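Architecture and fold: a report
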Amino acid sequence: MSESTKEIKNYRGLKCLNCNHPLDISDKFCPNCGQKNTTKRLNLKDFVDEFLANFYAYDSKVKNTIIRLFTKPGKTAREFIDGKRLTYANPFRFYLSVSLIYFIFSGLISKYSTETIEDLNQSYITKNEKETNTKNDDNQKKEDKLPDGLEKITTQIDSVKKEEEKKHPKKTLLYSEKQLEKYGFFKRTKLKVETYAHFFDSSKTTYPTKIFDSLKHENTKWNRFLLKKTYQFKKLNGEENEDSSGVKKFGEYMEEKYPFILFVSLPFLTIVFALLYYRKKLTYAEHMVFVFSFMSFIFLTLLLEEFIHLISGFEIGWLYLIVYPIYFYKALRNFYQQSRWKTILKFVILNFLLPTTASFVALLVLLIGFLFY
């Protein structure tokens, strides 16, 4: 008795175990939900076979998608919206997978780079830095030393400035909560921020309760939020912050949010395509398929660049200055299927609109990031 006949005899059912749809003994799969018609209990072999079958099915989609992305710009997205959904990987899922792999790989490369390994020898570096700094300080002192006549003139100018400052002192207004009651919300918020900024200029106190008591402000959540943001802004731009540690920390904070910023910007970039190609009568989701496909190609090439640089040390990033514009033009031509001159015109317009939109979104996210920092 053959294996198939044995399977039909012993394991075929008359009802789908998934959706309870009536079945015939000859039905290999349920016509309602697609599940295999079998009553056989799961064993290790079947479990592994099913996993490999599903993996191969997805793996073949990924293979088709990657090959098509590199060989036929824009065709993957076009054929996907035209109905070839089983041939290619889902553009959204594929973009998330590729971008995630890139950021993980890039992060690992940065973490274990040669520069980081060299930095492990801290004692040697610290000693060299001290020697270098001492030499630089000596040279700076020599350069800063002015001729006697010029030094006297500089001293006289400084003394005149100090006398002027005594005669006309700068007015620093510190508004109390009661004084601010007469203003509207936005004006009141602006004056509060200025008050806190002036206070930090004239005092080293950073304890909120003490500051509010001194200024006669209420210790509310809103006031604490404004005080915190004013203090952080002063730190980011303060003169005493010579090592720029505040800026560096905020930069690192925003760098961690870069994948999120990029992801958030894609729907806005899709709106640009939808407006520019509104006569094509494509849905917003169909425009988004093109955007996700193009961004997937970008991340694949960046991943390729990182890998080549890792194994050979050869930089190929400059090639993308040529590759990306050509690829973008071909992708527009293949996906939107317009004439050469129309595509060139819209290519030029998009090269202006897309960076502008991305910059706007980046500034917006930067602002939101600062508010929640």
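About the thresholds
- Residues numbered from 1 in each chain as written.
- Predicted model: local features only at pLDDT ≥ 70, side-chain atom pairs only at ≥ 80, totals over all residues.
- Heavy atoms only, no water.
- Helix = DSSP H or I, 4+ residues; strand = E, 2+ residues; numbered from the N terminus.
- Buried < 20%, exposed > 50% of the residue type's maximum accessible area, 1.4 Å probe, protein only.
- Contact = heavy atoms within 4.5 Å.
- Areas by Shrake-Rupley, 256 points an atom, 1.4 Å probe, with all protein chains shown as cover.
- Expected span 1.5 Å × (residues − 1).
- Core = buried A, V, L, I, M, F, W, Y, C linked by side-chain atoms within 4.5 Å.
- 1 Å grid on protein atoms, 1.4 Å probe; cavity = no way out; pocket = protein on both sides within 12 Å on 5 of 7 lines; lining within 4 Å.
- Points joined across faces, edges and corners; volume = space filled by probe spheres on them.
- Disulfide = S-S within 2.5 Å.
- Polar contact = N/O pair within 3.5 Å; in protein donor to acceptor, adjacent residues only side chain to side chain.
- pLDDT = per-residue confidence, 0-100.
- Axes fitted to C-alpha atoms, helices over the stretch in contact; angles between N-to-C directions.
- Parallel < 35°, antiparallel > 145°, perpendicular 65-115°, else oblique.
- Nonpolar A, V, L, I, M, F, W, Y, C, P; charged D, E, K, R; others polar.
- Phe/Tyr/Trp six-rings, centres within 6.5 Å; stacked < 30°, edge-to-face > 60°.
- Lys NZ or Arg CZ within 6 Å of the ring centre and 35° of its normal.
- Left-handed = near helix turned anticlockwise from the far one by under 90°.

Remarks on the overall build of the protein chain
Within the protein chain, the secondary structure is distributed over 16 helices and zero strands. Looking at the 373 residues of the protein chain, the share that counts as buried comes to 29%. In the protein chain, of all internal contacts separated by at least 6 residues, the share reaching a separation of at least 24 is 60%. Within the structure as shown, the protein chain displays about 26,800 Å² of accessible surface, and the carbon and sulfur contribution to it stands at 60%.

Quick notes on helix 9 (residues 185-202)
Quick reminder: α-helices carry 3.6 residues per turn. Residues three or four places apart thus point the same way. For helix 9, built from 18 residues, the straight-helix expectation of 26 Å at 1.5 Å per residue is met to within 8% by its first-to-last C-alpha distance of 26 Å. For helix 9, every residue scored as buried is listed here: Thr189, Leu191, Lys192, Thr195, Tyr196, Ala197, Phe199 and Phe200.

Structural notes on the nonpolar core
In terms of nonpolar packing, the biggest core is built from 44 residues, with Phe273, Phe290, Met295, Phe328, Leu332, Tyr336 and Leu350 touching the most fellow members. Listed by contribution, the elements that provide at least two residues to this core are helix 2 (44-71), helix 3 (75-81), helix 4 (91-111), helix 13 (258-276), helix 14 (284-312), helix 15 (320-336) and helix 16 (340-371). Considering every element that reaches this core, the biggest residue donor is helix 14, with 12 residues. When neighbours within four sequence positions are excluded, Met295 is seen to be in contact with Tyr95, Leu262 and Leu266. Formed by eight residues, the second largest nonpolar core is a distinct cluster that contains Phe200, Phe212, Leu226 and Leu227.

Overview of empty space enclosed by the protein
Per the stated rule, a full pass over the model turns up two cavities of 30 Å³ or more. Each pocket or cavity is described by its volume, and for the largest cavity that value is around 50 Å³. As for the largest cavity, its lining consists of Thr65, Leu69, Thr76, Phe80, Tyr88, Ala89, Pro91, Phe94 and Ser293. Put simply, the parts of the chain that give the lining of the largest cavity at least two residues each are helix 2, helix 3 and helix 4. When its volume is computed, the second largest cavity comes out at roughly 40 Å³. Around the second largest cavity sit Leu69, Gly74, Ala77, Phe290, Ser293, Phe294, Tyr327 and Ala331, which together line it.

Concerning the environment of Lys72
Here Lys72 is to be found in the loop between helix 2 and helix 3. As for Lys72 and Tyr327, which are separated by 255 residues in sequence, their C-alpha atoms are 9.2 Å apart.

Some details on the state of the cysteines
One pass over the full model with this rule turns up zero disulfides. Lacking any disulfide linkage, Cys19 is separated from the closest cysteine sulfur, that of Cys30, by 3.6 Å.

Side note on unusual backbone geometry
The backbone of Asn20 shows a phi angle near 65 degrees, a positive value even though the residue is not glycine. Unlike most non-glycine residues, Gln337 shows phi in positive territory, near 55 degrees. Within the fold, Gln337 resides in the loop between helix 15 and helix 16.

Points about the environment of Glu194
Within the fold, Glu194 resides in helix 9. Remark: the alpha-carbon pair of Glu194 and Leu174, spanning 20 residues in sequence, is separated by 8.1 Å. Reaching out from Glu194, the side chain makes a polar contact with the side chain of Lys190 at a distance of 2.7 Å.

Topic: the environment of Val289
As for its position among the elements, Val289 is in helix 14. Residue classification places Val289 among the buried positions, given a relative accessible area of 12%. The sequence separation of Val289 and Ala77 amounts to 212 residues, and the corresponding C-alpha distance is 5.9 Å. When residues no more than four places from it in sequence are discounted, the contact partners of Val289 are Ala77, Phe80, Ile81 and Pro91.

Considering the confidence of the model for the protein chain
With 67% of its residues at a pLDDT of 70 or more, the protein chain has an overall mean of 75. Every residue in residues 114-129 is under pLDDT 50, and counting partners more than four places away or in other chains gives five contacts. Predicted confidence is poor over residues 239-243, with pLDDT under 50, and the contacts of this stretch with residues over four places away or in other chains come to three contacts.

Topic: the packing of helix 9 against helix 10 (residues 208-215)
Their axes nearest at 12 Å, the elements helix 9 and helix 10 cross at an angle of 110 degrees. By the criterion of interaxial angle, the relationship of helix 9 to helix 10 is roughly perpendicular. Contacts between helix 9 and helix 10 pair Thr195, Tyr196, Phe199 and Phe200 from the former with Ile211, Phe212, Ser214 and Leu215 from the latter. When grouped by side-chain class, the residues that make up the contact of helix 9 with helix 10 number six nonpolar, two polar and no charged.

Things to note about the packing of aromatic side chains
Overall, the coordinates contain 20 aromatic pairs when judged by the stated rule. Residues Tyr102 and Phe103 carry aromatic rings whose centres are separated by 5.4 Å and whose planes lie at 65 degrees to one another, so their mutual orientation is edge-to-face. Residue classification places Phe103 among the partly exposed positions, given a relative accessible area of 24%. Over the ring of Phe80 we find Arg85; its NZ or CZ atom is 5.1 Å from the centre of that ring.

Quick word on the packing of helix 14 against helix 15
Between helix 14 and helix 15, the least distance of the axes is 12 Å, while the angle of their chain directions is 155 degrees. When the axis of helix 14 is compared with that of helix 15, the two are roughly antiparallel. Where helix 14 crosses over helix 15, the handedness of that crossing is right-handed. Where helix 14 abuts helix 15, its residues Glu286, His287, Phe290, Phe294, Phe297, Ile298, Thr301, Leu302, Leu304 and Glu305 lie against Tyr320, Val323, Tyr324, Tyr327, Phe328, Ala331, Leu332, Phe335 and Tyr336.

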